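This is what each chain is made of:
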Amino acid sequence: MDIVFHKSGNVFHIMNRGFSYIFTVLKNGQLGQLYFGAPLADRDGFEHMLVAAHRDMAPCPFEGDGDFSMEDIKQEYPVNGNGDLRNVACVVETPDGARNADFRYVSHRILPGKPTLNGLPATYVERDGEAETLEITLRDDLLDLRMILSYTTYRDLPVLTRNVRFVNDSIAADDGSTTGGTDAADADGTVTLRRALSASLDLPDAHWSMMQFTGAWARERRPQTFRLHTGVQEIYSLRGHSSHQFNPFLILKRPNTNESAGEAIGAALVYSGNFLGSVEVDNYHVTRLMMGIHPEGFAWTLRPGETFQTPEMVVAYTRDGLNALSQSFHTLFRTRLARGYWRDRPRPILINSWESTYMRFDEAKLLSIAGKAHELGIDLFVLDDGWFGHRDDATSSLGDWTADRRKLPDGVEGLARKINDLGMMFGLWFEPEMVSRDSDLYRAHPDWMIRVPGREPLQGRNQYELDLSKSEVVDYLFDSMSAILASGRVSYVKWDMNRSITDVFSQGRPAAFQGELLHRQILGVYALYERLTSALPKVLFESCASGGARFDPGMLYYAPQGWISDDTDAAERVKIQFGTSYAYPVSSMGSHVSAVPNHQLMRVTPLKTRADVAYFGTFGYELDVNRMTDGEQEQMRRQIAFMKSHRELIDTGDFFRLISPFDESEVGLQPGAEAAWMVVSADRRHALVGYYRMIMPVNEGYRTLRLAGLDPAETYTVRDTEFPLPASRFTYGGDELMARGFDISDTGFGPFTTDMYQGDYLTRLFEVDAV
Ligand code: GLA
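Along each chain, residue indices are assigned from 1 in the same order as the chain's sequence is written. Where local features are concerned, this predicted model is filtered to residues with pLDDT of at least 70; where side-chain atom pairs are given and counted, the filter is 80 or more; whole-chain, interface and lining totals use all residues. Hydrogen atoms and water are omitted, and side-chain values are computed over all heavy atoms in the structure.

## Description of the overall build of the chain
Which entries qualify depends on this criterion: Secondary structure counts use DSSP, requiring at least four H or I residues in a row for a helix and at least two E residues in a row for a strand, with both numbered from the N terminus. As a reference, a globule follows 2.2 Å times the number of residues to the power 0.38, and the radius of gyration itself is taken over C-alpha atoms. Buried, partly exposed and exposed residues are distinguished by accessible area as a fraction of the type maximum, computed with a 1.4 Å probe on protein chains only: under 20%, between the cut-offs, and over 50%, respectively. Any two residues whose heavy atoms approach within 4.5 Å are treated as being in contact. Exposure was quantified through the Shrake-Rupley algorithm and a 1.4 Å probe, taking into account, for residues, occlusion by the shown protein chains and nothing else. The sign given to each residue is positive for Lys and Arg and negative for Asp and Glu; His and the chain ends receive no count. Charge coordinates come from a single atom per side chain, which is NZ of Lys, CZ of Arg, CG of Asp or CD of Glu.
If you tally the helices and strands in the chain, you get 13 helices and 40 strands. Against the 2.2 N^0.38 benchmark of 28 Å for 771 residues, the chain shows a C-alpha radius of gyration of 27 Å, consistent with a compact globule. Across its three principal axes, the chain shows a C-alpha extent of roughly 85 × 65 × 45 Å. Burial statistics for the chain: of 771 residues in total, 62% are counted as buried. Across the chain, contacts joining residues at least 24 apart in sequence account for 70% of those joining residues at least 6 apart. Surface accessibility of the chain: about 27500 Å² in total, with carbon and sulfur atoms responsible for 49%. The positive charge centre, built from 78 side chains, and the negative charge centre, built from 105, are 3 Å apart in the chain.

Spelled out as structure tokens, the structure:
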């Protein structure tokens, strides 16, 4: 890892074993992008990579030089007003209405390690030697505005993180007003950021396919791949949270790149609010990738002396296919984005009350489920929605975080004590950001609701959004939640969020504030998370938003695991976990075995199938154990023991996607008929393979399953965990398992064929161990 500045040509070279990133100071003082890709040996003289040409109608800063125009020069951080007529990363507006800025290079510094981002989640280092940071200061002298572009590269990961800071250097107005909330035009030197994206990257050609991860409730993060076309292709959220619809993550890959080979760039935004991921191909075949806070509705007033910090964008590069790209994100997110006590600890196996009781329960019912669950080896009982205020359905009580004594006569603490006495941990559901109109909180503080005065606000699930841009709201939530959690008996919090934000207006605040509200709302969520996780460092937080509507890198900083979908059907979960795995580590994916018929789809799948899917996640149950037969309970006991003994491999191993549930993977099989993935230990001596055959083909031909990530020189045994057939007497070369694979036909012949696997929704789990 190294960051080098070549003074002769004003060239910066950021490099590590995985990539090189090169850019230069242009003759107009702005920054031009030269190269991002496979590592290049450092040397003087990369300046020739700057290409510019005379283009008709291009706006040019220098008379007599028609070749130099920001219109077609590849840039580091394009700004409005300099002749770049594509979408830019930043738009600055002055009180007179002008929208021109001209930031020029002033200085730079290279520091060991990585500074934190004030108020925002971000990747971090534990030791300075792990990473190096380049900070480049540019300045617009007319506006007295400084822009600091920050780049960090990690020693051991092919990732580059970027963010931008704007500092208003003007002298404060006479009234000394330097705080948020007054009219932009009032104070001298005040500017408005109308667009302030986190980073921009101009690539020299358009020969890419884009992968986006898209969906809706219960079908989150389905990969979609398409060739780039001239113009803009976007992923975004305008919902106030990162959303079910698009995840703040995308991949640009060469069209022939697959899981095991080829070039790809991944980009993720460490943010949980409105976002934009934009890929624009211009008419000279330049591809511009940008990510950041969505500019729609955003307007940030930056007064003299104030600083604005963008969220962080993470970019990863590979030449070795999508599995390698994903593994870089997995390692970064698992070890240098997630934080805290639970980051590296085996997560408790939990049972959640939602699908077993919904809001209809009493203490005896909960204790009977917990008691049985404990007998089977489950570590943590989680009480979901319905325990507070007088909440029997979704029409009331959000905001009133005190126990409903009708259901819990001894309060949360009493129930928690009884659960603890069983030898189990206790966890609790909250939905902090919301308020019901039928609540004491709303009656006391109607002005805490986000709504436009004089208009009837839209409801979502009969609930409304609290205004977390107000510090008194964050204080109230912190106090009421910590009062419940302070007993020390609550070890886990499920933090839910079940509606999108509309009626975007902060009551009592001036006009200039309203364009800041949605970002300040997310800053309020982060501040509350930060206070709670600092005050209660051993409590495990799991994020949730109607399943996966806010499963994003920002949340991982506070909650090392998240409920990735409300869909608990095994067949659908394979798809959701598969899509999620492009960016997120297995250790972050909340995954439960639920009852059949499944509550979302009414589909019936075997208990083994449900567990074989859920193992590749945090693992837990969401069903009434008392309704399970003795045989099923025995099976659960074995599943729990299996998860506990394989947890470390699953959480920390390298994850490989093998067969996509979205492809027409094999001749003769329907799309989505099967899927497979595996995890391999760091020393490559152990692996666990999940094979999911959803639709059984008839009289099928021979089938082999090829593995990945093994040591080609090693010898392995392969064992079906359910039917350890005599086949375990065979051994296989690692090279053979990866080049040829092993037989999984249903023909009744061969070491792993068995007529036990007849029917739909059948799965197989193989343990692969070095001899
Ligand atoms: C959301 C969550 C569910 C459950 C319910 C409770 O839908 O995603 O897991 O907690 O709310 O109301």
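## Some points on the site of the ligand
Put simply, the test is: A single heavy atom is enough: if one lies within 4 Å of a molecule or strand, its residue is considered near that molecule or strand. Throughout this description, a polar contact denotes any pair of N or O atoms lying within 3.5 Å of each other; where both atoms belong to protein, one of them has to be capable of donating a hydrogen while the other can accept it, and for residues adjacent in sequence the pair is counted only when both atoms sit in side chains.
Of all residues adjacent to the ligand, which total 13 residues, the nearest are Asp384, Asp385, Arg461, Lys494 and Asp566. At 3.5 Å, a side-chain N or O of Asn498 approaches an oxygen atom of the ligand. Contact between the ligand and Gly547: an oxygen atom at 2.9 Å from a main-chain N or O atom of the residue. Isolated, the ligand exposes 300 Å² of accessible area, and the fraction of that covered by the protein chains is 97%.

## Notes on a negative patch on the surface
For clarity, the cut-off: A patch consists of residues exposed above 30% relative accessible area that lack any salt bridge, with like charges linked at up to 9 Å and nonpolar side chains (Val, Leu, Ile, Met, Phe, Trp, Tyr) linked at up to 5 Å. One side-chain nitrogen of Lys or Arg within 4 Å of one carboxyl oxygen of Asp or Glu is enough to make a salt bridge.
Taken together, the side chains of Asp2, Asp42, Asp44 and Glu47 make up a negatively charged region of the molecular surface. Among the secondary structure elements, Glu47 is positioned in the loop between strand S4 (31–37) and strand S5 (90–93). Judged by relative accessible area, Glu47 falls into the partly exposed class, the value being 35%.

## Comments concerning the packing of helix H3 (residues 363–376) against helix H12 (residues 630–652)
Formally: Whenever a helix is involved, its axis is fitted only over the stretch in contact; in every case the axis is a line through C-alpha atoms, and angles between N-to-C directions fall within 0 to 180 degrees. Every angle not falling under 35 degrees, over 145, or within 65 to 115 is termed oblique; those three ranges are roughly parallel, roughly antiparallel and roughly perpendicular. Any residue outside Ala, Val, Leu, Ile, Met, Phe, Trp, Tyr, Cys, Pro, Asp, Glu, Lys and Arg is labelled polar, Gly included; the first ten of those are nonpolar and the last four are charged.
At their nearest, the axes of H3 and H12 sit 9 Å apart, and the two run at 60° to each other. Taken together, the axis directions place H3 and H12 in an arrangement best described as oblique. Taking contact as the criterion, the partners of Lys372, Glu375 and Leu376 in H3 are, on H12, Gln633, Met636, Arg637 and Ile640. A breakdown of the residues in the contact of H3 with H12 according to their chemical character gives three nonpolar, one polar and three charged.

## As for the nonpolar core
The following threshold applies: To form a nonpolar core, buried Ala, Val, Leu, Ile, Met, Phe, Trp, Tyr and Cys residues must be joined to one another through side-chain atoms within 4.5 Å.
Counting residues in hydrophobic clusters, the biggest one holds 185 residues, and the most contacted among them are Phe103, Phe166, Phe381, Leu383, Trp387 and Phe426. Top element by residues in this core is helix H6 (residues 471–485). It accounts for seven residues. Grouped together as the second largest cluster of nonpolar side chains are 21 residues, Phe656, Tyr691, Ile744 and Phe766 included.

## So, the pattern of salt bridges
A side chain of one charge can pair with a side chain of the opposite charge when the charged atoms of the two come close. One pass over the full model with this rule turns up 57 salt bridges. For Glu135, the salt bridge is made with Arg165, and the minimal N-O distance between the two is 3.5 Å. Of the two residues, Glu135 is situated in strand S7 (residues 131–140) and Arg165 in strand S9 (residues 159–168); the sequence distance between them amounts to 30 residues. A salt bridge links Glu572 to Arg603; the nearest nitrogen and oxygen atoms lie 4.0 Å apart. Here Glu572, found in helix H10 (residues 570–580), pairs with Arg603, found in the loop between strand S31 (592–594) and helix H11 (607–614); they are 31 residues apart in sequence, far enough to count as distant. One salt-bridge network, in which partners are shared between bridges, spans Glu126, Arg127, Glu130, Arg336, Arg343 and Asp344.

## A closer look at the sheet that holds strand S29 (residues 561–563)
Rules: Strand pairing requires that DSSP identify at least two bridges connecting the strands.
Strand order in this open sheet of nine strands is S30-S29-S28-S27-S24-S23-S22-S32-S31, and the pairing throughout is parallel. Pairing within the sheet leaves two strands with one partner each, and these edge strands are strand S30 (589–590) and S31. Sheet topology places strand S24 (residues 425–430) next to strand S27 (residues 490–495); five bridges connect them, and they run parallel. Across the sheet, the residue bridging to Gly427 is Tyr492, located in S27. Sitting on the sheet, H6 touches S24 and S27, and the angle it makes with S24 is about 160°.

## Focus on the side chain of Ser587
On the secondary structure map, Ser587 appears in the loop between H10 and S30. Not counting residues within four places of it along the chain, the set of residues in contact with Ser587 comprises Arg334, Arg347, Pro560, Gln561, Thr618 and Asp651.

## Some details on the confidence of the model for the chain
Heads up, the condition is: Residue-level confidence of the predictor is summarised by pLDDT, bounded by 0 at the bottom and 100 at the top.
When pLDDT is averaged along the chain, the result is 94; 95% of the residues meet or exceed 70. Low confidence marks residues 177–186, where pLDDT is under 50. Its contacts with residues over four positions away, or in another chain, come to 25 contacts.

## Details of the side chain of Asp503
Within the secondary structure layout, Asp503 lies in the loop between S27 and helix H7 (511–514). An unpaired buried charge is present at Asp503: no salt bridge exists, and Arg499, the closest side chain of opposite charge, is 4.7 Å distant. Side-chain polar atoms of Asp503 contact the side chain of Thr502, separated by 2.6 Å. Asp503 has contacts with Ile450, Arg451, Val452, Glu456, Pro457 and Leu458, leaving out every residue within four places of it along the chain.

## Brief notes about the packing of aromatic side chains
Rules: Centres within 6.5 Å are what make two rings of Phe, Tyr or Trp a pair, Trp counting through its six-membered ring; a difference in plane orientation under 30 degrees is then read as stacked, over 60 as edge-to-face, and the rest as tilted. Whether a charge sits over a ring depends on NZ of Lys or CZ of Arg being within 6 Å of the ring centre and within 35 degrees of the ring normal.
Applying the stated criterion to the full structure yields 47 aromatic pairs. Both rings, one in Phe62 and one in Phe68, keep their centres 5.7 Å apart while their planes meet at 50°; by these two values the pair is tilted. Above the ring of Tyr341, the side-chain terminus of Arg345 is found at 3.7 Å from the ring centroid. One Lys or Arg, Arg573, reaches over the ring of Trp563 and ends 4.7 Å from the middle of that ring.

## Examining the pairing of S24
As a reminder of what qualifies: The handedness rule is simple: strands pointing away from the viewer, and a clockwise path from the first strand over the helix to the second, make the crossover right-handed.
When you tally the buried positions in S24, you get five out of six residues, the bulk of the element. Bridge count for strand S23 (residues 380–383) against S24 is four bridges, and the pairing is parallel. Of the residues in S24, the one forming a bridge with Leu380 is Met425. Running through helix H4 (residues 411–422), the crossover from S23 to the neighbouring parallel element S24 is right-handed.

## Quick notes on H11
Counting buried positions along H11 gives eight out of eight residues, so the element sits mostly inside the fold. Looking only at H11, the buried set comprises Leu607, Lys608, Thr609, Arg610, Ala611, Asp612, Val613 and Ala614. Next to the buried residues of H11 lie H10, S31, H12, strand S34 (674–680), strand S35 (686–693) and strand S40 (762–770).

## With respect to the sheet that holds strand S33 (residues 654–659)
Spatially, the six strands line up as an open sheet ordered S33-S34-S35-S40-S37-S38, and their pairing is antiparallel. The sheet terminates laterally at S33 and strand S38 (732–733), the two strands that pair on one side only.

## Some remarks on the pairing of S5
Covered by surrounding structure in S5 are Cys90 and Val92 together with Val91 and Glu93, the residues of both alternating faces. Bridge analysis of S5 against strand S10 (residues 191–196) gives four bridges, and the strand direction is antiparallel. In the sheet register, Glu93 faces S10, and the bridge partner there is Thr192.

## Description of the packing of H3 against H4
Spelled out, the test is: Two helices cross in a left-handed way if the nearer one is turned anticlockwise from the farther one by less than a right angle. They cross in a right-handed way if the turn is clockwise.
Packing of H3 against H4 leaves a shortest axis separation of 10 Å and a crossing angle of 20°. If you check the angle between H3 and H4, you find them roughly parallel. For H3 against H4, the interelement crossing comes out right-handed. Where H3 abuts H4, its residues Glu363, Leu366, Leu367, Ala370, Gly371 and His374 lie against Gly414, Leu415, Lys418, Ile419 and Leu422. Looking at side-chain class alone, the contact of H3 with H4 contains six nonpolar, three polar and two charged residues.

## Quick look at helix H1 (residues 322–336)
Here is the rule: Here the expected span of a helix is defined as 1.5 Å times the quantity of residues minus one.
Along its 15 residues, H1 runs 21 Å from first to last C-alpha, staying within 8% of the 21 Å computed at 1.5 Å per residue. Here H1 lies mainly inside the structure; 13 of its 15 residues are buried.

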